[in-house]
Amino acid sequence: MPLPSQASHPLDLIAQDMQLVDQVIHQRLTTDVPLVREVAQYIIGAGGKRLRPALLLLMSGAIGSVHPYRHTLAAVIEFIHTATLLHDDVVDESTLRRGRPTANEQFGNAASVLVGDFLYSRAFQMMVDVNQMRVMQVLSDATNVIAEGEVLQLMNMHDASVSEAAYLRVIRSKTAKLFEASAQLAPILAGADAQTEALCATYGQAVGTAFQVIDDVLDYEGSADDLGKNLGDDLREGKVTLPIICALQRARPAEQVVIRRAIEQGDLTHLPEILSLIAESGALDAARGSAMAEAQRAVDAARALPANVYSDALLQLAAGLLERRS
């Protein structure tokens, strides 16, 4: 297969592949139940970067694989991710995602949860089509770890004593695990050796961790228009993320009291003051530093892959995460 020339954006390389993934998604959303189709299309049609399926396709290119099931598995990854979003928004009582009402706001909690279940089960039907036990093992393990991460996060809600290690455990389970699985599926499909599989998995986990840390930073320094969600939502929901953990470590006792009250009670009366405290304490820079370390880990893994435009795109993708504003 001829290699395309270097693209201006890393995802441009796989634009045609992503169109084929979209075709699979729409074909496999077929159902006789109108509400299932309506809710699923509402959230999948909301856009987004689709980084997880893109990662599978870029990694396939990097290792020279053109396995015919790569588009099917990319769609499976997107279905699993979408199911987690539907369930997360219900649990978090979120009202805005990607600049428009969440599915639970639009259709109600019951419909969102049940359609999330439909997408999970449809994803597993599609895995069976691939007929590779290793593929099913990786994806079923990932789905289970994601569920554990969601419960861990629920246990940590409104707890101002959450440590950085506990936070990292949640995001490595809840977010990074699906990135890791996405990257790992490419070498599994290709029948690559264990070393290549480990490199791909490391890249995915590191990129997924960096992605989530930056996402948590943006909740305190972005704007609602850029983010497509309400600024300070994490604090309102009682989520203790890395910027808050770093701010608490740096704050004076009186300032810690204000931040802890917001976490424990969801009281955003002093949100402007808290945003200032976080910014002035250097907490955002510290959190970005942690994301940078993860991005570097991803870069190191990508550099060990075969040198081509796809591995170059993986390098670009890792570096570009640090510039995210939405």
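Computed from a prediction, not measured in an experiment: that's the story for all the values here. (Residues numbered from 1 in each chain as written. Predicted model: local features only at pLDDT ≥ 70, side-chain atom pairs only at ≥ 80, totals over all residues. Heavy atoms only, no water.)

Next up on the list: empty space enclosed by the protein. For the structure shown, the criterion picks out one cavity of 30 Å³ or more. Taken as a whole, the largest cavity spans an internal volume of roughly 60 Å³. Around the largest cavity sit Y42, I43, A46, D89, R97, R98, R100, P101, T102 and A103, which together line it. Listing elements by their share of the lining of the largest cavity, those giving two or more residues are α2 (34–44) and β2 (100–101). (1 Å grid on protein atoms, 1.4 Å probe; cavity = no way out; pocket = protein on both sides within 12 Å on 5 of 7 lines; lining within 4 Å. Points joined across faces, edges and corners; volume = space filled by probe spheres on them. Helix = DSSP H or I, 4+ residues; strand = E, 2+ residues; numbered from the N terminus.)

The next thing to look at is the confidence of the model for the chain. Across the chain, pLDDT averages 91, with 94% of residues at or above 70. Low pLDDT, under 50, characterises residues 1–6; the stretch is placed with 13 contacts to residues that sit more than four places away or in other chains. (pLDDT = per-residue confidence, 0-100. Contact = heavy atoms within 4.5 Å.)

On to the packing of helix α4 (residues 70–92) against helix α7 (residues 133–156), then. As a packed pair, α4 and α7 sit with axes 12 Å apart at the nearest point and diverge in direction by 15°. It follows from the interaxial angle that α4 and α7 lie roughly parallel. In this structure, α4 crosses over α7, and the sense of that crossing is right-handed. Listed contacts from α7 to L73, V76, I77, I80, T84, D88, V91 and D92 of α4 are V135, L139, T143, I146, E150, Q153 and L154. Split into classes, the residues belonging to the contact of α4 with α7 amount to nine nonpolar, three polar and three charged. (Axes fitted to C-alpha atoms, helices over the stretch in contact; angles between N-to-C directions. Parallel < 35°, antiparallel > 145°, perpendicular 65-115°, else oblique. Left-handed = near helix turned anticlockwise from the far one by under 90°. Nonpolar A, V, L, I, M, F, W, Y, C, P; charged D, E, K, R; others polar.)

Before going further, it helps to examine the pattern of salt bridges. Enumeration over the complete set of coordinates arrives at 13 salt bridges. Measuring nitrogen to oxygen at the nearest pair gives 3.4 Å for the salt bridge that ties D17 to R70. Of this pair, D17 sits in helix α1 (residues 15–28) while R70 sits in helix α4; the two residues are 53 residues apart in sequence, bridging distant segments of the chain. Comparing D17 with R70 shows no difference in burial state: the two are buried. For E255, the salt bridge is made with R252, and the minimal N-O distance between the two is 2.9 Å. The class of R252 is exposed, set by a relative accessible area of 57%. (Salt bridge = Lys/Arg side-chain N within 4 Å of Asp/Glu carboxyl O. Buried < 20%, exposed > 50% of the residue type's maximum accessible area, 1.4 Å probe, protein only.)

Moving on: α7. If you check α7, its first and last C-alpha atoms are 34 Å apart, about what 24 residues at 1.5 Å a residue would give, namely 34 Å. At its buried positions, α7 is contacted by α4, α6 (109–130) and α8 (164–190). Positive phi appears at H158, one or two residues downstream of α7, with a value of about 60°. (Expected span 1.5 Å × (residues − 1).)

Interhelical geometry of helix α3 (residues 51–62) versus helix α9 (residues 194–221) gives an angle of 150° and a closest axis separation of 12 Å. The orientation of α3 with respect to α9, classified from their angle, is roughly antiparallel. Of the two possible hands of crossing, α3 and α9 adopt the one that is right-handed. Contacts between α3 and α9 pair L51, R52, L55 and M59 from the former with C200, Y203, G204 and F211 from the latter. Broken down by class, the residue content of the contact of α3 with α9 amounts to six nonpolar, one polar and one charged.

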